[in-house]
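# Examining the three-dimensional arrangement
Residues per chain are reported as follows:
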Number of protein chains: 2
Amino acid sequence: MRQNKLLNIPAIRRMPTYLHKLLKMQAEGKTSVSSTELAEYMKIELIVVRKDISLTGISGQRRVGYDINELIKYIKNYLGWEQTIPAVLIGAGSLGTALLGYNDFELYGFHIEQVFDSSADKIGQCLYGRTVRDIDTMAECFAGNPPEIAVICVSNTAAQSVADRLVELGVKYIWNFANVSLKVPPDVVVQREVIAGGLAMLSVRRKQSRAKKNKTE
Amino acid sequence: MRQNKLLNIPAIRRMPTYLHKLLKMQAEGKTSVSSTELAEYMKIELIVVRKDISLTGISGQRRVGYDINELIKYIKNYLGWEQTIPAVLIGAGSLGTALLGYNDFELYGFHIEQVFDSSADKIGQCLYGRTVRDIDTMAECFAGNPPEIAVICVSNTAAQSVADRLVELGVKYIWNFANVSLKVPPDVVVQREVIAGGLAMLSVRRKQSRAKKNKTE
């Protein structure tokens, strides 16, 4: 629960963005990238890029730039994304559907294998190649082999009971998009996703930028 | 572009979560809250909560706890959320629809007034009380009065041209959910939202927790 303290949260949150860019460059046949190039892409300071990348343990190659294949390997290793992570999604509403359509997850080895919902008009639907199943069949579908990660995209009111069921079935890692603080046993890790967090960032930057404009006027 | 450097990003991203909890307590008729209570809810260390809250400029009241109404006022002021922020949404797909359905935005004063899309089967639809309009009518709909914030929820390939049109119409703050690094003039602020950032957080915590389990076994 409390292990967030020592993590460099902004750096970790940026890792998929580096990976996205690097995988794109790799697909374009490029072999090396400079930190300047990455800073330009990420719209952050050069020194921040270098610090972020050093977290992965790759040795610095400042003059020739980083080897793209190497850097991809180090970032994936840092995140534990070398092997495919089997996941399930609970809640096939608009947000759940958006996550299923997020192309990069597969590139990162995050594979949503099964989708569950409790609503009769969702069950049986096919979303991005997955058939939505009845949440009451979850135990049978897991068949004693719970997924590594469960993504909760249900309403705030349903989220705790869904989490309880997941925990009972042996799920240890929950990515929670419902706007509630879930109660789980200490050996279960919950990552709460608050969409409005990005809005808060934009808002503070807006406030700063307006204050600056007023000063110069 | 570079103003992120001095911001306490994790603290800012947590602000809406505090606000969510405080507004709920306020609605329940509560008047004060302790930092211990908030730490429990946020699942972070007490000292982190105190640091977060001190950012808002409120004076500490450690023994009696914080006055909820006061704290709400300070957080809203810190984020520039005292007055309603008029916004528009571009892209009425599943993610855009999910954002329209996010109840807390209205509580935060973030009001999506208009929704635009380019697809014939979206235009004219009513989503959470807003009629989806043709993106080609954006200039007329703004009528020389651009919204404070535009939320981009279109495909990666369409995002840059949408951003160009928004900038041309005078939009200064863009919340970008497309997975691209937008090119905009220096006086325009873009907040890029990378959904996979939360997955990276969960993944690093998973890696740590597995390493710890292996050690104790």
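This write-up is about the structure you can find in this document. Just so it is clear, the structure is predicted and the values come from calculations on it, not from any experiment.

## Some details on the packing of aromatic side chains
Residues and elements named next belong to chain A. In this structure the tally under the stated criterion is 14 aromatic pairs over all chains. Judged by centre distance (4.5 Å) and plane angle (45°), the ring pair of Tyr102 and Phe105 falls under tilted. Under the relative-accessibility criterion, Tyr102 is labelled buried at 15%. Summarising the aromatic geometry, the rings of Phe110 and Trp175 are spaced 6.0 Å apart at their centres and angled 80° between planes, so their arrangement reads as edge-to-face. Of this pair, Phe110 sits in strand 4 (residues 110-117) while Trp175 sits in strand 8 (residues 173-176), and the two are 65 residues apart along the sequence. Taken together, Tyr102, Phe105, Phe110, Trp175 and Phe177 form an aromatic cluster joined through their ring pairs.

## Thoughts on the environment of Ser35 of chain A
Residue and element names in this part refer to chain A. Mapped onto the secondary structure, Ser35 falls in helix 2 (residues 35-42). Residues Ser35 and Ile47, twelve residues apart in the sequence, show an inter-C-alpha distance of 8.7 Å. Once you skip the residues sitting within four places of it in the chain, Ser35 turns out to touch Leu46, Val49, Arg50 and Tyr66.

## Remarks on helix 2 of chain A
Those residues of helix 2 of chain A not exposed but buried are Ser35, Leu38, Ala39, Tyr41 and Met42 of chain A. Angular distribution of buried residues about the axis of helix 2 of chain A spans 165°; they occupy a single face of the element. Those residues of helix 2 of chain A hidden inside the fold are in contact with helix 1 (9-27), strand 1 (32-33), helix 3 (46-55), strand 2 (66-67) and helix 4 (68-79) of chain A together with strand 9 (189-192) of chain B.

## So, the side chain of Glu193 of chain B
With respect to the helices and strands, Glu193 of chain B occurs in the loop between strand 9 and helix 9 (196-216). A distance of 3.1 Å separates a polar atom in the side chain of Glu193 of chain B from a polar atom in the side chain of Arg13 of chain B. A polar side-chain atom of Glu193 of chain B sits 2.9 Å from a polar atom in the side chain of Trp175 of chain B. Apart from residues lying up to four places away in sequence, Glu193 of chain B is in contact with Ile195 and Gly198 of chain A together with Arg13, Trp175, Asn176 and Phe177 of chain B.

Cut-offs and rules
Residues numbered from 1 in each chain as written. Chains lettered and ligands numbered in written order. Predicted model: local features only at pLDDT ≥ 70, side-chain atom pairs only at ≥ 80, totals over all residues. Heavy atoms only, no water. Phe/Tyr/Trp six-rings, centres within 6.5 Å; stacked < 30°, edge-to-face > 60°. Buried < 20%, exposed > 50% of the residue type's maximum accessible area, 1.4 Å probe, protein only. Helix = DSSP H or I, 4+ residues; strand = E, 2+ residues; numbered from the N terminus. Contact = heavy atoms within 4.5 Å. Arc of directions from axis to C-beta. Polar contact = N/O pair within 3.5 Å; in protein donor to acceptor, adjacent residues only side chain to side chain.

By themselves, these figures tell us nothing about what the structure is for.
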